[in-house]
Amino acid sequence: MFKRLNANYMALLFLIDLVIVQLSLEVAMALRYDIPFWQPFQIWPQVEVQELRLILHLSFGVLGVLFLVANSVYNGRKVIRWIEEFQRVVVASTLVSLTLTGLLYLINLNLPRLGFLYFFIISTSLLIGYRWALRVWHIVNRDHPNVETRVLIVGADKRGVEVANEFRRQRWSGIRLLGFMDNNPENHEGTATVDDLPVLGSITDTPAVVAQYDVDEVIIALPLHEHEQLVNLVAQLYEQPVRVRVVPDLFDLAFHSATIESLGGVLFIGLRDSAIDGVQRLLKRLMDIAFSAVLLAITSPVFLLTALAIKIEDRGPVFYKSQRVGENGRLFTMWKFRSMVSNADQLVNKVIKNDRHGNLIHKAPADPRITRVGQFIRRTSIDELPQLINVLRGDMSLVGPRPELPWMVARYQPWQRKRFAVPQGMTGWWQINGRSDAPMHMHTEHDLYYIQNYSIWLDIQILWRTIGVILSGRGAY
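Scope of this entry: the structure provided in the associated data block. (Residues numbered from 1 in each chain as written. Predicted model: local features only at pLDDT ≥ 70, side-chain atom pairs only at ≥ 80, totals over all residues. Heavy atoms only, no water.)

### With respect to the overall build of the protein chain
When helices and strands are counted, the protein chain shows 14 helices and 14 strands. Split into buried and exposed, the 477 residues of the protein chain put 50% on the buried side. Intrachain contacts of the protein chain at a sequence separation of at least 6 include 72% that bridge at least 24 residues. For the protein chain, the accessible surface area stands at approximately 23900 Å², while carbon and sulfur atoms represent 61% of it. (Helix = DSSP H or I, 4+ residues; strand = E, 2+ residues; numbered from the N terminus. Buried < 20%, exposed > 50% of the residue type's maximum accessible area, 1.4 Å probe, protein only. Contact = heavy atoms within 4.5 Å. Areas by Shrake-Rupley, 256 points an atom, 1.4 Å probe, with all protein chains shown as cover.)

Laid out in structure tokens, this is it:
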């Protein structure tokens, strides 16, 4: 729900926490041996000190990560409120110290008990302190467009006002309340307001208002007697890149595959949340950052040679930038090495066709727009390498459904749009089961299989099998 609490933000917190745990331990050990308060001054043999510190650094690093992750410190939905984040960090830090104290005692290792106390105080203070400082910074910069979440509330009755007030209490999160949509005729005069927020139109006007104001989230807070409009409204919004959440009027209101969360005393049902969330989302993002950074460094010579080859062949642009549909229908610019003539987009009607079943085919092995260099870099998948930049930026993932062209998505059937429930990827289940031999818009079941069976281990398997597909060149055109 909150852009500030996205996967990139949580990955950053994770890395900062790792540094803080190690730094706090080093400072605590230095204080214990260099400034030994309440203890007679004591100098340990250098070898013994170094061995002990190595053991402690490894132990604190591993257990610190485990307890922070297990206590949902990186789950954005559970740390929206400051008190919740504070409690989770303190509990995780306490468990790390107590667990290691017990383990090291059991293996009869000489314990620097004062050092443990120093560590607890320093690490807890730093983990809490910088999070509090970030919240203050977010409050000061809450209107920054890159982290602002634009929210529209459908329903201006008591429940809708309650939702608006709860959002206002979370000032640091970057929520911008645009106004209400409501069917009350008294509120449709154009200047009508409810709780100091404008009423922008009737409920049937919601899709148009979403497009006009570039809305990120639609919160449906309708009374029970208006829930019959819910199905039609959700269906209309499904074609727009907006998240939809329902504040149920009754607790028995439920939807298949919906997610339920609480913000203060308000219950939300998410209808278009990502299928990957929490710890899995964090691990996936960390793997994307690590692998894409390493691969970019390794393949930099290939980047240079490919750029030179493309430029020498026809002196056209090196890169091809294309608008693609990403997670939850959001558009982003995808990068590739240019493998076609410069005006390939204007020639698409010369190659597009329908098969005997009426399915749209827009890729073919003998596409006349492909250049000589393009044939090689497509066959070897070198043309896809610039997408590592998209992965590092967070536009894409290494593994996921392939990003589709907007004009293709416009022809999707509703059930096919489920493939946008996860980050789109450079490779995926479709690519290792046919690639261009099986056009992705005709084989969405591959993507749905991936979504329903997602795990980090499945991502690793797909990455490994992708190597074989690339080497064979199967379906690469």
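### Here we look at the pattern of salt bridges
Taken as a whole and judged by the stated rule, the model has 16 salt bridges. One salt bridge in this structure joins E162 and R159, with 2.3 Å as the shortest N-O distance. One end of the pair, E162, and the other, R159, are both in helix 5 (residues 158–169), three residues apart, so they sit about a helical turn from each other. Among the charged side chains, a network of salt bridges with common partners joins D17, E85, R131 and R135. (Salt bridge = Lys/Arg side-chain N within 4 Å of Asp/Glu carboxyl O.)

### Details of the environment of S202
You can see S202 is positioned in the loop between strand 4 (197–198) and helix 6 (206–213). Put simply, S202 and N183 are 19 residues apart on the chain and 4.8 Å apart in space, counted from C-alpha to C-alpha.

### Considerations on helix 6
Listed as buried for helix 6 are T206, P207, V209 and V210. Buried residues of helix 6, viewed axially, fall in a sector of 165 degrees; they line one side. Opposite the buried face of helix 6, at more than 90 degrees from it, the exposed residues are A208, A211 and Q212. Here the buried face of helix 6 lies against strand 1 (149–154), strand 2 (175–181), strand 5 (217–220) and helix 7 (228–237). A positive backbone phi angle near 55 degrees is found at D214, which sits one or two residues after helix 6. (Arc of directions from axis to C-beta.)

### A word on the nonpolar core
Generally speaking, nonpolar side chains in soluble globular proteins are found buried as a group. Within the largest apolar cluster, 30 residues are counted, with the highest numbers of intra-cluster contacts made by F337, L398, Y450 and I462. For this core, the secondary-structure elements that each account for two or more residues are helix 9 (300–314), strand 10 (331–337), helix 10 (372–379), helix 11 (387–393), strand 13 (397–399), helix 13 (444–452) and helix 14 (456–472). Here the element with the most residues in this core is helix 14; it accounts for four residues. Every residue in contact with F337, bar those within four places of it in the chain, is listed here: F303, T306, A307, I310, V318, F319, Y320, I377, I382, D383, L385 and P386. (Core = buried A, V, L, I, M, F, W, Y, C linked by side-chain atoms within 4.5 Å.)

### Notes on the packing of aromatic side chains
Within the structure shown, the criterion is met by eight aromatic pairs. Between F14 and Y74, the ring centres sit 5.5 Å apart and the planes meet at 65 degrees, which makes this aromatic pair edge-to-face. Highlighted residues: F14 in helix 1 (residues 7–34) and Y74 in the loop between helix 2 (46–70) and helix 3 (82–106), separated in sequence by 60 residues. For the pair formed by F14 and Y74, the shared burial category is buried. Consider the rings of Y412 and F420, whose centres lie 6.0 Å apart with planes at 20 degrees: the pair is stacked. Considered together, Y412 and F420 belong to a single accessibility category, that of buried residues. If you follow R465 out to its NZ or CZ, it ends over the ring of W429, 5.5 Å from the centre. (Phe/Tyr/Trp six-rings, centres within 6.5 Å; stacked < 30°, edge-to-face > 60°. Lys NZ or Arg CZ within 6 Å of the ring centre and 35° of its normal.)

### Description of the environment of W430
Looking at where W430 falls in the secondary structure, it is placed in the loop between strand 14 (425–427) and helix 13. The buried category is assigned to W430, whose relative accessible area is 7%. Separated by 16 residues in the primary sequence, W430 and H446 have C-alpha atoms spaced 5.4 Å apart.

### What to know about a nonpolar patch on the surface
A cluster of nonpolar side chains, contributed by F291, V294, L295 and I298, occupies part of the molecular surface with about 360 Å² of accessible area. On the secondary structure map, F291 appears in helix 8 (residues 278–298). (Patch = residues over 30% accessible without salt bridge, like charges linked within 9 Å, V, L, I, M, F, W, Y side chains within 5 Å.)

### Describing helix 9
Here helix 9 spans 22 Å end to end across 15 residues, near enough to the 21 Å set by a 1.5 Å rise per residue. Turning to helix 9, its buried residues number three or more, namely F303, T306, A307 and I310. All buried residues of helix 9 lie within an arc of 100 degrees about the axis, which places them on one face of the element. Seen from the buried face of helix 9, the exposed residues on the opposite side, beyond 90 degrees, are L304, L305 and I312. Its buried side turned inward, helix 9 meets helix 8, strand 10 and helix 10. (Expected span 1.5 Å × (residues − 1).)

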